[in-house]
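# Residue-level structure breakdown
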Amino acid sequence: MKAIFGTFGLIATLGFAGAAFADDGGCVIHYVRTACQGQEAESFKKCDGKAECDKTKPADSAEACAAAALKSCDNDRLDITKYKVITAMYNGEALVGGFDSEGNADPAGPNFCDKNRPDLNKCD
């Protein structure tokens, strides 16, 4: 009888641990970069040379995934990347970022990047 409960406990523990690890892959951030003129190769380097790509981020909730998406709007390459459109999905569900694809406020918009951020739209 102890063996049955011991085995059940081990299976239950492994099942819960597996579910916890599965959540880390549930946050997918989609990047679309607009490069400054002549800077396409450098700007797109983070997406293997493409303007768009998906990256999986660790997150254990939709809120943590949204925070990761918002952080992905950060731009420290002001003369290389003009603008980003960042959208996110958590466990297959699209998250609301609050902006449209041009960065205008939209309560149902999927984009997390505000066009008025001080680190975007700064190409010289």
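Parameters at a glance
- Residues numbered from 1 in each chain as written.
- Predicted model: local features only at pLDDT ≥ 70, side-chain atom pairs only at ≥ 80, totals over all residues.
- Heavy atoms only, no water.
- 1 Å grid on protein atoms, 1.4 Å probe; cavity = no way out; pocket = protein on both sides within 12 Å on 5 of 7 lines; lining within 4 Å.
- Points joined across faces, edges and corners; volume = space filled by probe spheres on them.
- Helix = DSSP H or I, 4+ residues; strand = E, 2+ residues; numbered from the N terminus.
- Nonpolar A, V, L, I, M, F, W, Y, C, P; charged D, E, K, R; others polar.
- Pairing = 2+ DSSP bridges.
- Contact = heavy atoms within 4.5 Å.
- Axes fitted to C-alpha atoms, helices over the stretch in contact; angles between N-to-C directions.
- Phe/Tyr/Trp six-rings, centres within 6.5 Å; stacked < 30°, edge-to-face > 60°.
- Lys NZ or Arg CZ within 6 Å of the ring centre and 35° of its normal.
- Salt bridge = Lys/Arg side-chain N within 4 Å of Asp/Glu carboxyl O.
- Buried < 20%, exposed > 50% of the residue type's maximum accessible area, 1.4 Å probe, protein only.

By volume, the largest pocket amounts to about 150 Å³. The wall of the largest pocket is formed by Y31, R33, K46, K71, S72, D74, N75, D76, R77, T81 and K84. For the lining of the largest pocket, the elements supplying multiple residues, two or more each, are β1 (27–35) and β3 (81–90). The residue inventory of the lining of the largest pocket, partitioned by class, reads one nonpolar, three polar and seven charged.

Attention now goes to the sheet that holds β1. Strands sit in the order β2-β1-β3-β4 across an open sheet of four strands; the sheet is antiparallel. At either end of the open sheet lies a strand with only one pairing partner, and these are β2 (52–57) and β4 (93–94). Of the strand pairs in this sheet, β1 and β2 are connected by six bridges, and their pairing is antiparallel. Note that in β2 the partner of V28 across the bridge is T56. Its contacts with the sheet place helix α3 (residues 62–71) against β1, β2 and β3, and it is angled at close to 170° to β3.

Once that is clear, we can look at the packing of aromatic side chains. Counted by the stated rule, this structure contains zero aromatic pairs. The ring of Y31 is capped by K55, whose NZ or CZ atom sits 5.5 Å from the centre of that ring.

The subject of this paragraph is the pattern of salt bridges. Scanning the entire structure with this criterion turns up five salt bridges. Ionic pairing is found between R117 and D74, a salt bridge with its closest N-O pair at 2.9 Å. Residue R117 is located in the segment after β4, and its partner D74 is located in the loop between α3 and β3; the two are separated by 43 residues in the primary sequence. Classification of R117 by relative accessible area gives buried; the value is 18%. Across the pair D119 and R117 runs a salt bridge, and its minimum N-O distance is 2.9 Å.

With respect to burial, β3 is a largely interior element, seven of its 10 residues being buried. Relative to β3, β1 is paired through nine bridges, and the arrangement is antiparallel. Following the sheet pairing, I29 is matched in β3 by A88. Pairing geometry for β3 and β4, over two bridges, is antiparallel. When the sheet's bridge partners are listed, Y90 is paired in β4 with E93. Here β3 folds back onto β4 in antiparallel fashion, the turn holding two residues, of which N91 has a positive phi close to 50°.

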